[in-house]
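# Structural overview for review
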Amino acid sequence: MTTENISLEFLAKQSKLQIDEVRLVRQDLADMMRLLTATYDLTRRIERRETELRDDIELMVKMELGGSLANMQRIIENSLSRIEHSVGDVAQRVEALERQGLTP
């Protein structure tokens, strides 16, 4: 087995390289943490916006359906009113004919 002499200068260079490598790893880790935090914040904003959009769409659908149903109700009420008026006219004619004695 051979023994080699290792100088202090060589050890100092190796230590400096390791320290530099550890600094780079720490910097990478800090960057990853910043990205993780940013991703989390973005996810929360997206979820919040999704909830707001869902509420907006729900309100729009309700308003649209409410307006359509109100319009349909008005049309039905107008039609029923015309029918009632026509039936009332027929009833008056029948009463008039009955008073005249022309009905069987």
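These lines cover the structure that appears in this document, whether it is placed above or below.

The rules behind the values
Residues numbered from 1 in each chain as written. Predicted model: local features only at pLDDT ≥ 70, side-chain atom pairs only at ≥ 80, totals over all residues. Heavy atoms only, no water. Helix = DSSP H or I, 4+ residues; strand = E, 2+ residues; numbered from the N terminus. Expected span 1.5 Å × (residues − 1). Patch = residues over 30% accessible without salt bridge, like charges linked within 9 Å, V, L, I, M, F, W, Y side chains within 5 Å. Areas by Shrake-Rupley, 256 points an atom, 1.4 Å probe, with all protein chains shown as cover. Salt bridge = Lys/Arg side-chain N within 4 Å of Asp/Glu carboxyl O. Buried < 20%, exposed > 50% of the residue type's maximum accessible area, 1.4 Å probe, protein only.

### Quick look at the environment of K62
Relative to the helices and strands, K62 is located in helix 1 (residues 8-100). Put simply, K62 and K16 are 46 residues apart on the chain and 69 Å apart in space, counted from C-alpha to C-alpha.

### Looking at helix 1
Given a rise of 1.5 Å per residue, 93 residues ought to cover 138 Å, and the 136 Å separating the end C-alpha atoms of helix 1 matches this to within 8%. Within two residues after helix 1, G101 carries a phi angle of roughly 80°, on the positive side.

### Section: a nonpolar patch on the surface
Judged by side-chain polarity, L53, I57, V61, L65, L69, M72, I76, L80, I83 and V87 come together as a nonpolar surface patch covering roughly 930 Å² of accessible area. Mapped onto the secondary structure, M72 falls in helix 1. For M72, a relative accessible area of 46% puts it in the partly exposed group.

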